[in-house]
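What follows is each chain in one-letter form.
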Amino acid sequence: MLPEVYTVGPEYAHAEARKSPVVDGVVMRTLMVRYPVLLTPMEKEMAREVCIAFRQAAEELGRYFRNNMYPGEGTGLLRLHSTYRHDLKIYSSDEGRVQMSAAAFAKGLLDLEGQLTPILVSLVSKDSSMLDGLENASTKMEEAKARLNEIITSGAKTVHNNDQPEKPWMVDGAGVPPNAPELLPELVKLTKKVTEQVRLLAKDEIEELAKTSPYDLIPPYDQAKALGKTNIDVDRIAAGLPCGSEGFLLMFARWRKLERDLYNERKERFDIKQIPDVYDSCKYDLLHNAHLNLKGLDELFKVAQLLADGVIPNEYGINPWQKLKIGSKIARRLLGKILIDLRNTREEALSVAELRSNQDNNSAIQNNGREDTDYHSKSQSKVEYTRKGGCTGEKSMDQDEDDDKETKYRLDPKYANVKTPERHVRTRLYFTSESHIHSLMNVLRYCNLDESLQGEASLVSDNALERLCRTKELDYMSYIVLRLFEDTEVALEDPKRFRIEMTFSRGADLSPLEGNDSEAASLHQEHTLPIMGPERLQEVGSHLTLEMMEKMIRPFAMPAEDFPPPTIPQGFSGYFSKSAAVLERLVNLWPFNKHRNTNSE
């Protein structure tokens, strides 16, 4: 039995509030380019080209989940969903591209047809308080970046010897190349080389625009046109123009900004926050503008990748203890919701198991009417028991106030034309930013370092810790999956009845320079990168109980009682209040209301 599949993954555009100096842009892992929070027309033009390609990737990943993450064939999940035996909820951060990615994934998961907007409206819930924001960790991230700047510019690390430590992930600044101070000037030089080539390509456009008003340098951004675009413009590529509608002028402005921000010649100072931006821009052009044959771009990409591999994972903590502290601040609410999801699933599974046991005990009763009455009364009592938090004595775990709906729309076994009416799967999908998935992963792998959990082993195996240490970037559509399994052969009170299986994927973490010639040609033609398959975070045969998972995560998670009650969306609050007033007046005028008042008197 698989009661729950729970997934956390970066968003369609990795909405990241990178406000200077902590965070200074939006990380678009689909584009491989980090953007400012308020996108300029130049940057929005770049977003047009990969939206369709990566929405298709999100839809394909949804199909993969349908066919591989659930028992049986892919049609099994669709059968469960169509018979009210699949409890699905999808949450997204506030960023629009994040929500569209969630809708595309849902389209593939449920084999839906049509446009994404109706899917988004009907299936995806926005929860910015849980999936957005870095305010709580801004001070700690400032400290981490200051220390990271010192390590990269001076090469100073906690471990100075040349011997590889037994656990390399425990070192301050793990992943930073030892020759980082020498790579920085090379990065600046190569960036200038590429920028100059793009300037020459944009020369004609610059001269043409110089003849017009200087206010026309950047063309207006047509969002409807951008979102409605369905194909890569092959005619522009064949004509030797940049992919899509970016134009050489905008492309030059993008590279010129990187060149200026990367190194301040007057102060002779490097800005290491720009390293991921250079890396992303290189990756974008290698993937989408390879036909322009920019000399030195591949070399610049390699240098930028070496440095970015040290910067990106250390932005969320320079060592495991700092990663844990920052991660617990960023993902506190998300971690609390995970525990709520898992506990609700366990209580529901226990209720089903007890109901099944009661049905077996009552199978000898001849009076069908009495048997049906007993079944429904017990069903109702068990539902109420589950909604009140079961044996935990705590308040209801689901703060969405959707428990009534879940109970109301559950499949009635009495009338079900299916073989296993009691089978029920819960799925919770969370689409969020790079900061949140890094934070969640850091808590999962380093939670045992907390003082309250001293002596406990990590939730993640040493083998997986080593692989995660080598995984520098959690790219577009990277994800973490927590699956809760129930062993129905184990006693209800035995902690081993429920176990957790954790996997993760690096997402579209593949260099445009990797692969043989045929693979590279295919990637360039499709303008996309494949999403890496899932990897285990535990050893094969290991048994992580739900009880142990709760013990390890609870110190860093928001308690259930601290979750605020659901509120009416701001955009609809006025509508609902006005509607309530109108309805109240109608009820007062309605004839039956008068009769009721007369009778009561």
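Everything numeric here is computed off the predicted structure, so don't read it as measured data.

Participant: So what's going on with the overall build of the protein? Which residues, and what values?
Facilitator: Helix and strand counts for the protein stand at 23 helices and 12 strands. Buried positions account for 51% of the 601 residues belonging to the protein. In the protein, the share of contacts with a sequence separation of at least 24, taken over all contacts with a separation of at least 6, comes to 77%.

Participant: I'd love a proper account of the packing of helix H12 (residues 275-288) against helix H13 (residues 297-314), names of residues and values included.
Facilitator: Viewed as axis vectors pointing N to C, H12 and H13 meet at an angle of 140 degrees, and their least axial separation amounts to 8 Å. By the criterion of interaxial angle, the relationship of H12 to H13 is oblique. Note that H12 runs across H13; the crossing there is left-handed. Along its contact with H12, which presents Ile 275, Pro 276, Val 278, Tyr 279, Cys 282, Lys 283, Asp 285 and Leu 286, the element H13 presents Leu 297, Asp 298, Leu 300, Phe 301, Ala 304, Gln 305, Leu 307, Ala 308, Val 311 and Ile 312. Of the residues contributing to the contact of H12 with H13, the split by class is 14 nonpolar, 1 polar and 3 charged.

Participant: I'd like a rundown of a negative patch on the surface, residues and numbers included.
Facilitator: Taken together, the side chains of Asp 487, Glu 489, Glu 493 and Asp 494 define an acidic patch exposed on the protein surface. Position of Glu 489 among the secondary structure elements: in the loop between strand S9 (479-486) and strand S10 (498-505).

Participant: Help me get a handle on the nonpolar core, residues and values and all.
Facilitator: Leu 459, Met 502, Met 549 and Ile 553 are the most contacted members of the largest nonpolar core, which has 40 residues in total. Of all the secondary structure elements, the ones that give two or more residues to this core are helix H15 (332-361), helix H18 (434-446), helix H19 (462-470), S9, S10 and helix H21 (546-553). For Met 502, the contacting residues outside a window of four places in its chain are Leu 444, Leu 459, Val 460, Val 481, Leu 482, Glu 535, Arg 536, Leu 537, Gln 538, Leu 544 and Met 549. Judged by nonpolar contacts, the second largest core, of 37 residues, contains Ile 151, Ala 180, Val 194 and Leu 292.

Participant: Lay out the pattern of salt bridges with the relevant residues and their values.
Facilitator: The tally for this structure, following the rule as stated, stands at 30 salt bridges. One salt bridge in this structure joins Glu 59 and Arg 63, with 3.1 Å as the shortest N-O distance. On the criterion of helical spacing, the pair formed by Glu 59 and Arg 63 is a turn pair, its members being 4 residues apart in helix H1 (residues 41-68). Since its relative accessible area comes to 19%, Glu 59 is described here as buried. Beyond isolated ion pairs, a larger network of salt bridges with shared partners links Asp 87, Lys 337, Asp 341, Glu 348, Arg 426 and Arg 428.

Participant: Can you break down unusual backbone geometry residue by residue, with the values?
Facilitator: The phi dihedral of Glu 268 is positive, around 55 degrees, even though this residue is not glycine. Take Glu 268: it is sitting in the loop between strand S6 (263-264) and strand S7 (269-270). Even without glycine at this site, Asn 293 takes up a positive phi of about 55 degrees. Mapping Asn 293 onto the fold places it in the loop between H12 and H13.

Participant: Would you mind going over the environment of Asp 277 in detail, with residue names and values included?
Facilitator: If you trace the backbone, Asp 277 turns up in helix H12. When the C-alpha atoms of Asp 277 and Trp 255 are compared, they prove to be 10.0 Å apart, with 22 residues separating the residues in sequence.

Participant: A description of the packing of helix H6 (residues 138-154) against H13 should follow, citing residues and the corresponding values.
Facilitator: For the pair H6 and H13, the least separation of the axes is 10 Å and the interaxial angle reads 160 degrees. One element, H6, and the other, H13, form an angle in the roughly antiparallel class. Considering how the two elements wind past one another, H6 and H13 form a crossing that is right-handed. Note on element contacts: H13 touches H6 through Gly 310, Val 311 and Asn 314, opposite Ala 144, Leu 148 and Ile 152. The class makeup of the residues in the contact of H6 with H13 is 4 nonpolar, 2 polar and no charged.

Participant: Residues and numbers for the pairing of strand S4 (residues 86-92), please.
Facilitator: Here S4 lies mainly inside the structure; 7 of its 7 residues are buried. In this structure, S4 lies alongside strand S8 (residues 425-432), joined through 7 bridges in parallel fashion. Considered in S8, the bridge of Ile 90 is made with Leu 429. Inspection of the sheet shows S4 paired to strand S5 (residues 124-126) by 3 bridges, in the parallel sense. Residue pairing in the sheet places Ile 90 in a bridge with Val 124 of S5.

Participant: Summarise H6; cite the residues concerned and give the values.
Facilitator: For H6, spanning 17 residues, the distance from its first C-alpha to its last is 24 Å, which sits close to the expected 24 Å at 1.5 Å a residue. Regarding H6, the residues found buried are Met 141, Ala 144, Lys 145, Arg 147, Leu 148, Ile 151 and Ile 152. Buried residues along H6 cover an arc of 170 degrees about the axis, so they all sit on one side. Every exposed residue of H6 that faces more than 90 degrees away from the buried side is listed here: Thr 139 and Ala 146. Looking at the buried positions of H6, the neighbouring elements they touch are helix H7 (180-201), H13 and helix H14 (320-330).

Participant: Residue-level account of the pairing of S10, with values.
Facilitator: With 7 of its 8 residues buried, S10 lies for the most part within the structure. Across 2 bridges, the pairing between S10 and strand S12 (residues 544-545) is antiparallel. When the bridges of S12 are listed, Ile 500 appears paired with Leu 544. Two elements, S10 and strand S11 (residues 535-536), share 2 bridges in a ladder whose sense is antiparallel. Each residue of the ladder has a partner; that of Thr 503, found in S11, is Arg 536.

Participant: Describe H7, naming the residues involved and giving the relevant values.
Facilitator: Look at H7: 31 Å from first C-alpha to last across 22 residues, which is about the 32 Å you get at 1.5 Å a residue. What H7 keeps buried is the set Ala 180, Leu 183, Leu 184, Leu 187, Val 188, Leu 190, Thr 191, Val 194, Thr 195, Gln 197 and Val 198. Next to the buried residues of H7 lie H6, helix H11 (247-262), S6, S7, H12 and H13.

Participant: Could you give an account of the packing of aromatic side chains, with specific residues and numbers?
Facilitator: All chains considered together, the criterion is met by 7 aromatic pairs. For the pair Phe 105 and Phe 431, a centre-to-centre distance of 5.5 Å together with 65 degrees between the ring planes defines the contact as edge-to-face. Of the two residues, Phe 105 is situated in helix H3 (residues 96-109) and Phe 431 in strand S8; the sequence distance between them amounts to 326 residues. A residue is classified by how much of its surface remains accessible, and Phe 431, at 5% relative accessible area, is buried. Arranged with centres 4.6 Å apart and planes meeting at 40 degrees, the rings of Tyr 263 and Phe 270 form a pair that is tilted. Accessibility expressed as a relative area gives 22% for Tyr 263, which makes it partly exposed. Members of the aromatic cluster, each reached through a chain of ring pairs, are Tyr 64, Phe 65, Phe 105, Phe 431 and Tyr 479. When the ring centre of Phe 485 is taken as reference, the NZ or CZ atom of Arg 499 above it lies at 4.4 Å.

Participant: Which residues make up the confidence of the model for the protein, and what are the values?
Facilitator: Here the protein shows a mean pLDDT of 75. Residues at 70 or above account for 68%. Of all the helices and strands in the protein, strand S2 (residues 26-28) carries the lowest mean pLDDT, 24, while H7 carries the highest, 95.

Rules used in this analysis
Residues numbered from 1 in each chain as written. Predicted model: local features only at pLDDT ≥ 70, side-chain atom pairs only at ≥ 80, totals over all residues. Heavy atoms only, no water. Helix = DSSP H or I, 4+ residues; strand = E, 2+ residues; numbered from the N terminus. Buried < 20%, exposed > 50% of the residue type's maximum accessible area, 1.4 Å probe, protein only. Contact = heavy atoms within 4.5 Å. Axes fitted to C-alpha atoms, helices over the stretch in contact; angles between N-to-C directions. Parallel < 35°, antiparallel > 145°, perpendicular 65-115°, else oblique. Left-handed = near helix turned anticlockwise from the far one by under 90°. Nonpolar A, V, L, I, M, F, W, Y, C, P; charged D, E, K, R; others polar. Patch = residues over 30% accessible without salt bridge, like charges linked within 9 Å, V, L, I, M, F, W, Y side chains within 5 Å. Areas by Shrake-Rupley, 256 points an atom, 1.4 Å probe, with all protein chains shown as cover. Salt bridge = Lys/Arg side-chain N within 4 Å of Asp/Glu carboxyl O. Lys, Arg positive; Asp, Glu negative; His and termini not counted. Charge placed at Lys NZ, Arg CZ, Asp CG, Glu CD. Core = buried A, V, L, I, M, F, W, Y, C linked by side-chain atoms within 4.5 Å. Pairing = 2+ DSSP bridges. Expected span 1.5 Å × (residues − 1). Arc of directions from axis to C-beta. Phe/Tyr/Trp six-rings, centres within 6.5 Å; stacked < 30°, edge-to-face > 60°. Lys NZ or Arg CZ within 6 Å of the ring centre and 35° of its normal. pLDDT = per-residue confidence, 0-100.

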